[in-house]
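Observations on chain architecture
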Amino acid sequence: NGNDGDDHRANMPQTLSRDRSLGVLLVGAFWIAFLFLASLYVVFQIVAVEDVYEDENAKIAWIVFGCVVGGGIPLIAGGGNILRWMVYERWILKSGTKKKAVSP
């Protein structure tokens, strides 16, 4: 057609999608940082009150923090991504069918 307005309208959904993806990414990154810093705060508070309260153990708090952040979260995230990829791969390669097609 040659109208610049038509080209702009045709590309608008892509632009909106990118902006929305960036927003979701920023909210997710903020939430991850907030939870990480909050858990660090809790561990440091356990270290601070360890001498006052006998039932608090800073060494165990650091071990649990390290295991969850260094082991649990990556395993859950990795396992979830692998499962998601397997479902996606099955859907794309086999068109969502669960059984093999019978050959004539």
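Description of the structure in this document. (Residues numbered from 1 in each chain as written. Predicted model: local features only at pLDDT ≥ 70, side-chain atom pairs only at ≥ 80, totals over all residues. Heavy atoms only, no water.)

A few words now on the overall build of the protein chain. A count of helical and extended segments in the protein chain gives two helices and zero strands. Looking at the protein chain as a whole, 6% of its 104 residues qualify as buried. Of the roughly 9500 Å² that the protein chain leaves accessible, carbon and sulfur atoms contribute 67%. (Helix = DSSP H or I, 4+ residues; strand = E, 2+ residues; numbered from the N terminus. Buried < 20%, exposed > 50% of the residue type's maximum accessible area, 1.4 Å probe, protein only. Areas by Shrake-Rupley, 256 points an atom, 1.4 Å probe, with all protein chains shown as cover.)

Moving on to the packing of aromatic side chains. Scanning the model with the defined rule gives five aromatic pairs in all. Ring centres 5.8 Å apart and planes at 90 degrees place the aromatic pair tryptophan 62 and phenylalanine 65 in the edge-to-face group. Separated by three residues within a single helix, tryptophan 62 and phenylalanine 65 lie in helix α2 (residues 58–94), roughly one turn from each other. Looking at tryptophan 62, the relative accessible area reads 35%, which means it is partly exposed. (Phe/Tyr/Trp six-rings, centres within 6.5 Å; stacked < 30°, edge-to-face > 60°.)

Moving on, we come to α2. Compared with the 54 Å implied by 1.5 Å per residue over 37 residues, the 52 Å span of α2 between its first and last C-alpha is a close match. Its maximal kink placed at valine 68, α2 deviates by approximately 35 degrees. All buried positions along α2 are accounted for by Ala58, Ala61 and Phe65. Within two residues after α2, serine 95 carries a phi angle of roughly 55 degrees, on the positive side. (Expected span 1.5 Å × (residues − 1). Bend = angle between axes of the 7 residues up to and from the residue.)

Right, let's talk about the layout of surface pockets for a bit. Empty space among the atoms becomes visible once a probe the size of a water molecule is rolled across them. The computed volume of the largest pocket comes to approximately 280 Å³. Along the walls of the largest pocket sit 14 residues, with Ser39, Phe65, Val68, Val69 and Ile73 positioned nearest its centre. Taken together, the elements giving at least two residues each to the lining of the largest pocket come down to α1 (4–49) and α2. When residues in the lining of the largest pocket are grouped by element, the largest group, eight residues, is from α1. (1 Å grid on protein atoms, 1.4 Å probe; cavity = no way out; pocket = protein on both sides within 12 Å on 5 of 7 lines; lining within 4 Å. Points joined across faces, edges and corners; volume = space filled by probe spheres on them.)

What follows deals with a nonpolar patch on the surface. A cluster of nonpolar side chains, Phe36, Leu37, Ile60, Val64, Val68, Val69 and Ile73, forms an exposed patch at the surface whose accessible area comes to about 600 Å². Elements that contribute at least two residues to the nonpolar patch include exactly α1 and α2. Note on placement: isoleucine 73 falls in helix α2. (Patch = residues over 30% accessible without salt bridge, like charges linked within 9 Å, V, L, I, M, F, W, Y side chains within 5 Å. Salt bridge = Lys/Arg side-chain N within 4 Å of Asp/Glu carboxyl O.)

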